[in-house]
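Below, each chain spelled out in residue letters.
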Amino acid sequence: PCGCEEDGVSFCSFDDGSTGECEACSKHATRASCYDDGLPSTGADDCAQRCFPCGCEEDGVSFCSFDDGSTGECEACSKHATRASCYDDGLPSTGADDCAQRCFPCGCEED
């Protein structure tokens, strides 16, 4: 591994076989984009697992609740009218952060 992987933040590209460069999850809007980016299969798998732990996250559409700690259920962004509402919905902090980042990626109230 690269040594800087962080779930929901960065993944290892594995461009050099057993290691590689760290890349930002923010480069990818969907799990499928990990496999369309020219990464080796191990890099694409690491991207999918670290950047999309629930498997259905999509910017502006859905986010991971993280109700089960490192994973959870997918929830619709349409439930939230504002970024602040992500933090008032009873979600764990990681789920609220994922909601805010995926549903309001620009940091504004509406996208």
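Quick look at the structure, then. Owing to the predicted nature of the structure, the values given are computational and were not obtained by experimental measurement. One numbering rule holds for all chains: residues counted from 1, following each sequence as written. The predicted nature of this model means local features are confined to residues of pLDDT at least 70 and side-chain atom pairs, given and counted, to a pLDDT of 80 or more, with totals for whole chains, interfaces and linings taken over all residues. Processing note: side-chain calculations cover all non-hydrogen atoms of the structure and skip hydrogens and water entirely.

With that settled, the discussion passes to helix α2 (residues 41-51). Among the residues of α2, Gly-43, Ala-44, Asp-46, Cys-47, Ala-48 and Cys-51 are the ones counted as buried. In this description, contact between two residues means that some pair of their heavy atoms is separated by no more than 4.5 Å. The way it works is that DSSP assigns letters per residue, a run of H or I at least four long becomes a helix, a run of E at least two long becomes a strand, and they are numbered from the N terminus. Packing partners of the buried residues in α2 comprise β1 (10-12), α1 (31-35) and α3 (93-103). We call a residue buried when its accessible area falls under 20% of the maximum for its residue type, exposed when it is over 50%, and partly exposed in between, using a 1.4 Å probe and counting protein chains only.

Moving on, we get to the environment of Thr-30. Of note, Thr-30 is situated in the loop between β2 (22-24) and α1. In this structure, the C-alpha to C-alpha distance between Thr-30 and Phe-104, residues 74 residues apart in sequence, is 15 Å. Thr-30 has contacts with Phe-52, Glu-57 and Glu-58, leaving out every residue within four places of it along the chain.

Among the secondary structure elements, Cys-56 is positioned in the loop between α2 and β3 (62-64). For Cys-56, a relative accessible area of 31% gives the class partly exposed.

It is worth spelling out the state of the cysteines at this point. By disulfide we mean two sulfur atoms from cysteines, separated by a distance within 2.5 Å. In total, this model carries 8 disulfides according to the counting rule given. Across the disulfide from Cys-56 sits Cys-74; the S-S distance is 1.4 Å. A residue pair is termed long-range when its members are at least 10 positions apart, and Cys-56 in the loop between α2 and β3 and Cys-74 in strand β4 (residues 74-76) qualify at 18 residues.

This paragraph deals with the nonpolar core. Nonpolar cores are built from buried Ala, Val, Leu, Ile, Met, Phe, Trp, Tyr and Cys residues. Side-chain atoms within 4.5 Å join them into one set. By size, the foremost hydrophobic cluster in this structure holds 9 residues: Phe-63, Cys-77, Cys-86, Leu-91, Ala-96, Cys-99, Ala-100, Cys-103 and Phe-104. Here the element with the most residues in this core is α3; it accounts for 4 residues. Ignoring any residue separated from it by four or fewer positions in sequence, one finds Cys-77 in contact with Gly-60, Val-61, Ser-62, Phe-63, Arg-102 and Cys-103. Of all hydrophobic cores here, the second largest spans 8 residues; its members include Phe-11, Cys-25, Leu-39 and Ala-44.

Attention now goes to unusual backbone geometry. Here the phi dihedral of Phe-14 falls at roughly 55 degrees; this positive angle occurs in a residue that is not glycine. Residue classification places Phe-14 among the buried positions, given a relative accessible area of 14%.

Let us now look at the side chain of Ser-13. Assignment of secondary structure puts Ser-13 in the loop between β1 and β2. Distance and chemistry together define a polar contact, namely a pair of N or O atoms within 3.5 Å, with one atom able to donate a hydrogen and the other to accept it when in protein, and with adjacent residues in sequence counting only for side-chain atoms on both sides. One polar contact links Ser-13 to Asp-15, side chain to side chain, over a distance of 3.1 Å. Contact partners of Ser-13, with chain neighbours within four places excluded, come to Cys-2, Gly-20, Glu-21, Glu-23, Leu-39, Pro-40 and Gly-43.

This brings us to the pattern of salt bridges. Definition used for salt bridges: Asp or Glu carboxyl oxygen within 4 Å of a side-chain nitrogen of Lys or Arg. All chains considered together, the criterion is met by 8 salt bridges. Across the pair Asp-46 and Arg-50 runs a salt bridge, and its minimum N-O distance is 3.0 Å. Placement of the pair is Asp-46 and Arg-50 together in helix α2, with a separation of 4 residues, close to one helical turn. On the accessibility criterion, Asp-46 (10% relative accessible area) is buried. For the salt bridge of Asp-89 with Lys-79, the shortest nitrogen-to-oxygen distance reads 3.4 Å. Of this pair, Asp-89 sits in the loop between β4 and α3 while Lys-79 sits in the loop between β4 and α3, and the two are 10 residues apart along the sequence.

Spatial relationships are all this shows, so hold off on functional conclusions.
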